[in-house]
Every structure is written in C-alpha cells, then in structure tokens.
Amino acid sequence: YMGWHTNFVAKGCRLYCSYAPEAGKSFFRYLDPLTGKMVTSWDQKGWQFRLFNINATPFWHAVWSGTDRISLGFKLAPENPLPDRFKPISQHQPIS
C-alpha cells in the first residue's frame, strides 16, 4: 500500500513497472489531471507498465495490493517531456 502522493519534489517523466501474480487484486489509482475524476487501473496477472509526467500540475496517485506485488519506478527524463495531450495511464495495455 502507498497512500495518495504526488512526487512533486522530483519532477519529470516516470515509468512504473509492476508485476502481480493474480489479476484484479491490486491497482494503481490516480486523479486524472484533465478531468479531475478518480481512475482505478487494476493490475492483470503479469507485468504492467505505466508512464506519466510529474510537473507543475500535481499528479495525485496511490497504490493498493491484496496480493504479492513487485513495483519498480524510474525517472526517465527532465520535467514535462511528454506532449500535453498525452493521457496518463488511461489507455495502458498490460503485458503478460
């Protein structure tokens, strides 16, 4: 479990890779900065890859798991390298 946070002190492009051995028992949840709506991205069995920006607009997100879960986070580039029209995570495809 990781409560709501923004990572505001380390701005830039982030890649989160996570592995879950069971589908539907863990998730990445965020507040969509474009709509203000809460979005829950449930983990599938296997690897998930989520990419988003940490910039001047807070990107609130949290993680929960009711199973084993491995998470690796990487800062890939300086602040705001992705186009403004990029939709964080909302259209990710899990890889198993």
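Details of the structure are given in the entry above.
Residue numbers here run from 1 along each chain, matching the order of that chain's written sequence. Since the coordinates come from a predicted model, pLDDT governs what is reported: local features require at least 70, and pairs of side-chain atoms require 80 or more to be given and counted, while whole-chain, interface and lining totals use all residues. The side-chain values count all of the structure's non-hydrogen atoms but skip hydrogen atoms and water molecules.

## A look at a nonpolar patch on the surface
Working step 1: To count toward a patch, a residue needs a relative accessible area above 30% and no salt bridge. Like charges then connect within 9 Å, nonpolar side chains (Val, Leu, Ile, Met, Phe, Trp, Tyr) within 5 Å. Residue burial considers only the protein chains on display, and all accessible areas are found by Shrake-Rupley using a 1.4 Å probe. What makes a salt bridge here is a side-chain nitrogen of Lys or Arg within 4 Å of a carboxyl oxygen of Asp or Glu, nothing more. On the surface, Trp47, Phe49, Ile70, Leu72, Phe74 and Leu76 cluster together into a nonpolar patch covering about 540 Å² of accessible area.
Working step 2: Contributing elements (two or more residues each) for the nonpolar patch: strand 5 (46–54) and strand 7 (70–77).
Working step 3: Here a strand is any run of E in DSSP of at least two residues, a helix any run of H or I of at least four, and the numbering for each starts at the N terminus. Per-element accounting of the nonpolar patch gives the leading share, four residues, to strand 7.
Working step 4: Within the secondary structure, Ile70 is located in strand 7.

## A few points about the nonpolar core
Nonpolar side chains in soluble globular proteins generally cluster together in the buried interior.
Working step 1: Among buried residues, those of type Ala, Val, Leu, Ile, Met, Phe, Trp, Tyr and Cys that are joined through side-chain atoms within 4.5 Å constitute a nonpolar core. Remark: exposure states derive from per-residue accessible area (1.4 Å probe, protein chains only) relative to the maximum for the residue type, with buried under 20%, exposed over 50%, and partly exposed in between. If you look at the biggest cluster of nonpolar residues, it comprises six residues: Phe28, Tyr30, Phe52, Ile54, Phe59 and Val63.
Working step 2: If you list the elements that add at least two residues to this core, you get strand 3 (26–31) and strand 5.
Working step 3: If sequence neighbours within four positions are ignored, Val63 has contacts with Tyr1, Met2, Phe27, Phe28 and Arg69. Contacts are residue-level and defined by heavy atoms, with any inter-residue pair within 4.5 Å sufficient.

## As for the packing of aromatic side chains
Each pair of aromatic rings is reported with the distance of its centres and the angle of its planes.
Working step 1: Any pair of Phe, Tyr and Trp rings, taking the six-membered ring for Trp, is counted once the centres come within 6.5 Å. Such a pair is stacked with planes under 30 degrees apart, edge-to-face with planes over 60 apart, and tilted for the rest. Applying the stated criterion across every chain, the model contains ten aromatic pairs.
Working step 2: On the basis of an interplanar angle of 40 degrees and a centroid distance of 5.5 Å, the ring pair of Tyr16 and Phe52 is categorised as tilted. Taken together, the positions of Tyr16 in strand 2 (residues 12–20) and Phe52 in strand 5 put the pair 36 residues apart, joining distant regions of the chain.
Working step 3: Phe52 sits in the buried class, given a relative accessible area of 0%.
Working step 4: The rings of Tyr16, Phe28, Tyr30, Phe52 and Phe59 are connected pair by pair, giving a single aromatic cluster.

## Let's talk about the sheet that holds strand 4 (residues 38–42)
Working step 1: At least two bridges found by DSSP between two strands is the condition for calling them paired. On the basis of which strands lie adjacent, the open sheet formed by four strands has the order 1-6-3-4 and antiparallel pairing. Every interior strand has two partners, whereas the edge strands, strand 1 (2–5) and strand 4, have only one. Between one strand and the next, the sheet's axes are offset by a mean angle of 15 degrees, whatever the strand orientation. For helices, the fitted axis covers only the stretch in contact; all axes are lines through C-alpha atoms, and the angles between them, taken along N-to-C directions, range from 0 to 180 degrees.

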